[in-house]
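Spelled out from the first residue to the last, the chains are:
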Amino acid sequence: MTTGSSGAITPVVGPGVDVETVRTDFPVLHQMVNGKPLVYLDNASTSQKPQAVIDTLVQYYTMDNSNVHRGVHTLSQRATDHYEEARAKVRRFINAEADEEIIYVRGTTEGINLVAQTFGRQNVGEGDEIIVTAMEHHSNIVPWQILCQERGAHLKVIPITDSGELVMEEYERLLGPRTKLVSIVHQSNALGTVNPAKQITDMAHGLGVPVLVDGAQSAPHMTVDVQDLGCDFFVFSGHKLYGPTGIGVLYGRADLLNAMPPYQGGGEMIKSVTFEKTIYNDLPHKFEAGTPDIAGAIGLGTAIDYISNLGMSNIYNYERELLEYGTQRLSAIEGLQIIGTAREKAGVLSFVMEGIHPHDIGTILDTEGIAVRTGHHCAQPVMDRYEIPATARASLALYNTREEIDALVKGIDRTIEVFGRGL
Ligand code: PMP
């Protein structure tokens, strides 16, 4: 795949993912770490950036840098055009109905906080309930706890089975007249479980309850169609989607966004200001106070071009096959237990080993040039559910290969050599 300075992408791959070609697009992958070729398996934390995205950022700061929506001069108009074109790319990527439903935020975390502090404060009162799942990232727990504390409301949690699937009968039981919002993770970063977001949404809508879907992990790995899902809010982060850090998206249904009060006050989000009265701007600007991450938004647009060009279903199938291979290979290691074995699963191999702390696994793997994450993955309740302090987690992206899985297995064997088995 090649790029021009505008970040326009010329596809050089046919159907499926030609991983060797794809890898040439990611400069960071081609380096030695601790004397070994880098094997980057920490993609659920953040993914690497293709040259096209890097070029877009350089191009923007080299030629176009200017503030958006404010100037009549050429650079400002150019920056505004690129910034708004990227919004349209996001809209098409998740199949939203209108550009105005796409709000730029810093990332998933800010998107959820925005909804909690606006929709939440407006609609959640004493004794009301918000439903989340037992496999949420902290960013889909704490904002609701803050809101519940302020309002005297309650957080209700859908439990999970040993394999890491939601107990849907419990969800049905939790849904009730006090439920004001259901906020669920689409794909768990700790377990890899892909939740039945459409079914969850349908059930909530049966009672007129809106649904927020945390798509931080799903958006990079599968086709997302917010109209098909039917959800009311959908949030994701650019940096996990091969785009820059500091930019993310909150999708919201226009009628809900219009009814919500603003999140932050300042420039951009107003039509007019006097000391007596301020009139807020229209969507999406009402929720975008201050100078945004302009380069980040444009870079996100290029990242979306990049993966759309490969095809989300191609990416999904390729990664699924890789996950199956990784699951087979890791399951064959004596003393290793995979945490998260849901039937619908993507991108994540979380595991623990008898007698070896996950941090020690991560440290030895690093000496082999292999990057995995160890810890609670910002999902402490998941660790509590399995009564473990942490896991080691290898998480996949479209540029990972079977050979890298083999390297991971070799690295785990080396860990066993160093620490012994079950000591
Ligand atoms: N939700 C999930 C499922 C995640 O995996 C993450 C990031 N690990 C987040 C939310 C938070 O994303 P960010 O830090 O980009 O705001």
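Residue indices begin from 1 for each chain and proceed along its sequence in written order. Owing to the predicted nature of the model, reporting of local features is limited to residues with pLDDT of at least 70; listing and counting of side-chain atom pairs is limited to 80 or more, with chain, interface and lining totals taken over all residues. To get the side-chain values, all heavy atoms of the structure are used, and hydrogens and water are removed first.

## A closer look at the overall build of the protein
Along the protein, the regular secondary structure elements total 14 helices and 19 strands. Here the protein has a C-alpha radius of gyration of 22 Å; the compact-globule value for 423 residues is 22 Å, and the two agree. For the protein, the spread of C-alpha atoms along the three principal axes comes to 70 × 55 × 35 Å. The classification of residues rests on relative accessible area computed with a 1.4 Å probe and restricted to protein chains. Under 20% of the type maximum is buried, over 50% is exposed, and intermediate values are partly exposed. By residue count, 56% of the 423 residues in the protein fall in the buried class. Here a residue-residue contact requires only that any non-hydrogen atoms of the pair lie within 4.5 Å. Considering only contacts within the protein whose residues lie at least 6 apart along the sequence, 71% involve residues at least 24 apart. Taken as a whole, the protein presents about 17,100 Å² of accessible surface, with 50% of it coming from carbon and sulfur. Here the positive residues are Lys and Arg and the negative ones are Asp and Glu; neither His nor the chain ends is included. The location of each charge is read from NZ of Lys, CZ of Arg, CG of Asp or CD of Glu. Separation between the mean location of the 33 positive side-chain charges and that of the 52 negative ones in the protein comes to 2 Å. Note on conventions: DSSP H or I runs of at least 4 residues are helices, E runs of at least 2 residues are strands, and numbering of each starts at the N terminus. This radius of gyration counts C-alpha atoms alone. The globule rule is 2.2 Å times how many residues there are, raised to the power 0.38. With residues, only the protein chains shown are counted as cover, and all accessible areas are computed by Shrake-Rupley using a 1.4 Å probe.

## What about the domain arrangement of the protein?
A common way to state how big an interface is: give the accessible area lost once the parts meet. Partitioning the protein into domains gives domain 1 (56–308) and domain 2 (311–419). Computed over C-alpha atoms, the centres of domain 1 and domain 2 are 29 Å apart. As used here, buried area is the combined drop in accessible area, with a 1.4 Å probe, of two parts when they are placed together. Approximately 2,400 Å² of surface area, both sides summed, lies buried where domain 1 meets domain 2, with 54% of it carried by carbon and sulfur atoms. Taken as a group, His138, Leu191 and His221 account for 23% of the area that domain 1 buries against domain 2, more than any other trio of residues on that side. Here, a salt bridge means any Lys or Arg side-chain nitrogen found within 4 Å of an Asp or Glu carboxyl oxygen. Across the domain 1-domain 2 interface, the total number found is two salt bridges. Across the salt bridge formed by Asp162 and Arg385, the nearest N and O atoms sit 2.8 Å from each other. Polar contact is defined as a pair of N or O atoms within 3.5 Å, subject to the rule that within protein one atom must be able to donate a hydrogen and the other to accept it, and that residues adjacent in sequence are counted only when both atoms are side-chain atoms. The interface formed by domain 1 and domain 2 holds 22 residue pairs in polar contact (both at pLDDT 80 or more) in total. For this classification, Asp, Glu, Lys and Arg are treated as charged, while Ala, Val, Leu, Ile, Met, Phe, Trp, Tyr, Cys and Pro are nonpolar and the rest, including Gly, are polar. Per-class residue counts for the side of domain 1 that touches domain 2 are 13 nonpolar, 13 polar and three charged. In this document the domain limits rely on a domain assignment from an automatic tool or a database.

## A few points about the sheet that holds strand S18 (residues 373–375)
Where strands meet in a sheet, backbone hydrogen bonds hold them as pairs that are either parallel or antiparallel. Taken together, the four strands give an open sheet; going across it, the order is S15-S16-S19-S18, and neighbouring strands pair in antiparallel fashion. The open sheet has two edge strands with one neighbour each: strand S15 (336–339) and S18. Across this sheet, the average inter-strand angle for adjacent strands is 30°, counted without regard to direction. By the convention used here, strands pair only if DSSP detects at least 2 bridges between them. Sheet topology places S15 next to strand S16 (residues 348–353); four bridges connect them, and they run antiparallel. Following the sheet pairing, Ile339 is matched in S16 by Ser350. Taken strand by strand, helix H11 (residues 312–331) contacts S15 and S16, and its axis lies near 10° from that of S16. Note on geometry: axes are lines fitted to C-alpha atoms, helical ones only across the stretch in contact, with angles between N-to-C directions running from 0 to 180 degrees. Helix H12 (residues 358–367) contacts S16, S18 and strand S19 (391–395) of the sheet and is inclined by roughly 160° relative to S18.

## Notes on the environment of Tyr386
As for its placement among the helices and strands, Tyr386 is situated in the loop between helix H13 (380–385) and S19. Separated by 46 residues in the primary sequence, Tyr386 and Gly340 have C-alpha atoms spaced 9.8 Å apart. With residues near it in sequence (within four places) discarded, Tyr386 still touches Ile160, Thr161, Asp162, Ser163, Gly164, Leu191 and Ile339. One polar contact links the side chain of Tyr386 to the main-chain amide nitrogen of Gly164, over a distance of 3.3 Å.

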